[in-house]
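Listed here are the chains, written in short residue letters.
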Amino acid sequence: MESRFLGLAYLAPYLIGLLIFTAIPFLGSLYLSFTDYNLIQSPVWTGLDNFRELMNDRTFMKSLRVTLLYVFLTVPLKLAFALFIAVILNYRLRAIGFFRTAYYVPSILGGSIAVAVLWRYIFADAGLVNMVLAGLGLEPINWFGDPVNALFTLSLLRTWQFGSAMVIFLAALQAVDKSLYEAAAIDGASKWHSFVHITLPLITPVIFFNLIMQMVQAFQEFNGPYVITGGGPLKSTYLLPLYIYDEAFKNFNMGYASAIAWVLFLIIMALTVVAFWSSKKWVYYAGDKRS
Amino acid sequence: MTDLATPAIANPVPAMSSEELRAARLSAFVRYSLLTIVGLIMLYPLIWLIGASFKTNSEIFGSIGFIPQDPTLDGYRKGWETSTPYTFGRFFWNTFLIILPKTIFTAISCALVAYGFARFEFPGKKILFASLIATLLLPNVVTRIPQYILFRDLGWLDTYLPLWVPSAFAGDAFFVFMLVQFLRAIPRDMEEAARVDGANSLQTLLYIVVPMLTPALISVALFQFMWTMNDFLGPLIYLSSVESFPVSLALKLSIDTTEAFDWNRILAMSVLALLPALIVFFMAQKYFIEGISAGGVKG
């Protein structure tokens, strides 16, 4: 008989990593958020000073506002798109594999700098998008020059990468028992009714999963604004991760940057907790009350 | 693309009236049209990018077409040389140097940990598995600064160590989670038979589990390849010498230094930067789709 600790031995890499690269840094940044630390002198404890300063920091307030706006714009848009296309693909279509692949490509490439570069070009004043608009007889749009448009254009970049969420939705849709639809159809339910009353409830666990994952990522968006807009114009795309980066790695205000990171973390946590709490009311788990 | 066999006629439909048949055809037509149009809109930027990389600078902002009027390789030739002492070849090599160890470390460490979680009972298992899920959701932004300080104190700045080492400790919880899901779906009969024959747990892992887990491990390696290829913030924070820059940083550098006039250089290098990921994706797409469907995914 093997020791009951054998399993733990296999977990050793994870346990060490958890301690050194996650747990200690996690607490470390909490500690640093109460200090003043410029990487040269040792950290100086300043209590709540950083957080007090944040309340009066107009850049922070602006950054926080655009971050929330960005997340609340991007996540619903992306999930709605992913679900919409997944539902269409789920009709017994031929060539489902072809379309699934085509829609998934942007997700594979989306995070790369090259795509951010591409975005800069196609949404430039004389870029592809405005040329198409002109061809349709529409006014060109100043995509990056206007604060509202700039944030929206970045949000489109994320929405464009809906493929991974779509593939997850599609897997869930394909797992829905087809006999339920047949039974509903016999009872005279319309397609829309079946969708709302059968499909949606059955895939709520996956909607919930996608919602959380997409939200956590959207709050951490960095590459897009860093490469495409540099946070401008008028800091309208200066998302919190950019501010944290600038404070930490350009100004070397490690304490202040940690404080911003913790505020961001607490917001994400709070929204995740709200989502989990509310999920009891809207997420349906077939036959398993524990989860 | 090989999926054409997906059940097109799944249910034997009882005789349709001609009106119903017409409605069904119409709705299929609408669906295909919608999918094709949306797909084209989504992919056209990428297609345009390839065409534009062969255009002259004056043509890039002058036409929406894909085919260059006056095709040139200037963008590739000049872009490859860069404004640094190094060519893009160097940056591709650097990217490879970052990716290879990282992918190998990830596959090994995650397989060990997933095996531990999926096949053993031990004290504290529940809470440790919960910690795995928590790490999955934990925003990196909150651990990044102390990690940077740690690597600085170890003297690892401007080396690849900060990018490599965490992956040797199952740093991407997502992959462990994905492998655990795969393992749970594999019956234990073979492993039990091996144990009865006297194999110890490590031998069982190596000779029985790993072969069965190979498709999943390929998924893990592919995702890690893609993510590392796309990773920008990690190299941005840890690397400062141009000679050790990966492609992502080099591309950003070339925007900063040449953008005002030489657009086709940047576009050409963007095409090259996307090429490895595209090739790998098209060669191995089933592993991606399976990986995502099994474990859920970020991206």
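Reading the values: rules and limits
Every chain is numbered on its own, with residues counted from 1 as its sequence reads. To read the labels, note that chains go from A and ligands from 1, taken in the order they are written. Local features in this predicted model are restricted to residues whose pLDDT is 70 or higher, and side-chain atom pairs enter the listing and the counts only when it is 80 or higher, whereas totals over whole chains, interfaces and linings include all residues. With hydrogens and water excluded, all non-hydrogen atoms of the structure serve as input to the side-chain values. Counting from the N terminus, the helices are DSSP H or I runs at least four residues long and the strands are E runs at least two residues long. Radius of gyration here uses only the C-alpha atoms, and the compact-globule reference equals 2.2 Å multiplied by the residue count raised to the power 0.38. Here the term buried applies to any residue with accessible area under 20% of the maximum for its type, exposed to any over 50%, and partly exposed to those in between, with areas from a 1.4 Å probe on protein chains only. Here, residues are in contact when the closest pair of their heavy atoms is within 4.5 Å. Areas reported as accessible are Shrake-Rupley estimates using a 1.4 Å probe. Residue values count occlusion only from the protein chains shown. Under this rule, positive means Lys or Arg and negative means Asp or Glu; His and the chain ends count for nothing. In plain terms, the charge of a residue is placed at NZ if it is Lys, CZ if Arg, CG if Asp and CD if Glu. Buried area: the accessible area, evaluated with a 1.4 Å probe, that two parts lose upon being put together, summed over both parts. By definition, a salt bridge exists where a carboxyl oxygen of Asp or Glu is found within 4 Å of a side-chain nitrogen of Lys or Arg. Ten residue types, Ala, Val, Leu, Ile, Met, Phe, Trp, Tyr, Cys and Pro, are classed as nonpolar, four, Asp, Glu, Lys and Arg, as charged, and the remainder, Gly among them, as polar. Ring pairs shown here join Phe, Tyr and Trp side chains whose ring centres sit within 6.5 Å, with only the six-membered ring taken for Trp; geometry is labelled stacked below 30 degrees between planes, edge-to-face above 60, and tilted in between. Throughout this description, the term charge over a ring refers to an Arg CZ or Lys NZ atom that lies within 6 Å of the ring centre and within 35 degrees of the ring normal. By convention here, the domain bounds are inherited from an automatic or database domain assignment. Contacts described as polar in this section are N or O atom pairs within 3.5 Å, which, within protein, must combine one atom able to donate a hydrogen with one able to accept it, while residues neighboring in sequence count only if both atoms come from side chains. In this description, a line fitted to the C-alpha atoms serves as the axis of each element, helices being fitted only across the stretch in contact, and the angle between N-to-C directions of two axes falls anywhere from 0 to 180 degrees. Orientation labels follow simple angle bins: below 35 degrees gives roughly parallel, above 145 gives roughly antiparallel, 65 to 115 gives roughly perpendicular, and whatever is left gives oblique. Whether a crossing is left-handed or right-handed is set by the direction in which the near helix is turned from the far one by less than a right angle, anticlockwise for left-handed and clockwise for right-handed.

What follows deals with the overall build of chain B. In terms of helices and strands, chain B carries 14 helices and zero strands. Counting from the amino terminus, chain B carries its helices and strands in the arrangement α-α-α-α-α-α-α-α-α-α-α-α-α-α. Taking 299 residues into account, the globule formula puts the C-alpha radius of gyration at 19 Å, and chain B, at 25 Å, lies well above it. Overall size of chain B, expressed as C-alpha extent along the three principal axes, is 75 × 70 × 35 Å. Counting the 299 residues in chain B, one finds 50% classified as buried. When contacts within chain B are restricted to residue pairs at least 6 apart in sequence, those whose partners lie at least 24 apart make up 71%. Within the structure as shown, chain B displays about 14000 Å² of accessible surface, and the carbon and sulfur contribution to it stands at 67%.

Per the secondary structure count, chain A includes 14 helices and two strands. For chain A, the spread of C-alpha atoms along the principal axes amounts to about 75 × 75 × 35 Å. In chain A, 68% of the contacts between residues at least 6 apart in sequence involve partners at least 24 apart. Roughly 13200 Å² of accessible area belongs to chain A as shown, and the carbon and sulfur atoms make up 67% of that amount. One finds the centroid of the 19 positive side-chain charges in chain A at a distance of 7 Å from the centroid of its 15 negative side-chain charges.

Further remarks concern the interface of chain A and chain B. Taken together, the contact pairs 97 residues of chain A with 98 residues of chain B. Contact with chain B buries area across many residues of chain A, yet A:Y10, A:F21 and A:Y121 alone supply 10% of it, more than any other trio. Scanning the region where chain A abuts chain B turns up zero salt bridges. For the side of chain A that touches chain B, the element with the most residues is helix 2 (residues 12–32) of chain A, which contributes 14 residues. By residue class, the composition of the side of chain A that touches chain B is 72 nonpolar, 17 polar and eight charged.

All right, on to the packing of aromatic side chains then. Given two aromatic rings, one states the distance between the centres and the angle between the planes to describe the pair. By the definition in use, this model includes 50 aromatic pairs over all chains. Both rings, one in A:W119 and one in A:F123, keep their centres 5.2 Å apart while their planes meet at 45°; by these two values the pair is tilted. Across the pair, exposure class does not vary: A:W119 and A:F123 are buried alike. Clustering of aromatic rings is evident, with ring pairs tying together A:F21, A:F222, A:Y226, A:Y245, A:F249, B:Y148, B:F151, B:W156, B:F169, B:F232 and B:Y238. The ring of A:Y238 carries the charged tip of A:K235 above its face, separated from the ring centre by 4.4 Å. The ring of A:W277 carries A:K281 above its face, with NZ or CZ at 4.4 Å from the centroid.

Residues of helix 7 (residues 128–135) of chain A that are buried include every one of A:L128, A:N130, A:M131 and A:L133, and no others. Tucked into the core, helix 7 of chain A has its buried residues touching helix 6 (113–122) of chain A together with helix 1 (18–52) and helix 2 (57–60) of chain B. Immediately beyond the C-terminal end of helix 7 of chain A, within one or two residues, lies A:G137, with a positive phi of roughly 80°.

All names here are of chain B. According to the domain assignment, chain B consists of domain 1 (20–77) and domain 2 (85–295). Spacing between the C-alpha centres of domain 1 and domain 2 amounts to 32 Å. Each partner contributes to the interface: domain 1 provides 14 residues, whereas domain 2 provides 12 residues. For the pair domain 1 and domain 2, the number of links is zero salt bridges. Along the contact surface separating domain 1 from domain 2 lie three residue pairs in polar contact (both at pLDDT 80 or more). Looking at the side of domain 1 that touches domain 2, the elements that each hand over two or more residues are helix 1, helix 2 and helix 3 (74–81). The greatest single-element share of the side of domain 1 that touches domain 2, amounting to five residues, is contributed by helix 1. Grouping the constituent residues of the side of domain 1 that touches domain 2 by class yields eight nonpolar, four polar and two charged.

Residues and elements named next belong to chain A. Where helix 4 (residues 58–90) meets helix 9 (residues 163–174), the axes come as close as 8 Å, and the angle between the chain directions of the two elements is 45°. Between helix 4 and helix 9, the interaxial angle falls into the category oblique. For helix 4 against helix 9, the interelement crossing comes out right-handed. Packed against helix 4, whose contacting residues are L79, A82, L83, I85, A86, V87, L89 and N90, the element helix 9 presents A165, M166, F169, L170, L173 and Q174 at the interface. Looking at the contact of helix 4 with helix 9 residue by residue, the class counts come to 12 nonpolar, two polar and no charged.

Another point: the pattern of salt bridges. Close approach of charged atoms allows side chains with opposite charge to pair. Residues and elements named next belong to chain B. Under the counting rule described, the total for this entry stands at nine salt bridges over all chains. Ionic pairing is found between R77 and D74, a salt bridge with its closest N-O pair at 2.7 Å. Within this pair, R77 and its partner D74 are both found in helix 3, separated by three residues, close to a single helical turn. Classification of D74 as partly exposed rests on a relative accessible area of 28%. With its nearest N and O atoms 3.2 Å apart, the salt bridge here joins R152 to D153.

This next bit is on the packing of helix 5 (residues 96–109) of chain A against helix 9 of chain A. Any two packed helices are characterised by the angle at which their axes cross and by the distance between the axes. All names here are of chain A. Two elements in contact, helix 5 and helix 9, have axes separated by 7 Å at closest approach and are oriented at 145°. Facing I96, R100, Y103, Y104 and S107 of helix 5, the residues of helix 9 in contact are G163, S164, M166, V167, L170 and Q174. Looking at the contact of helix 5 with helix 9 residue by residue, the class counts come to six nonpolar, four polar and one charged.

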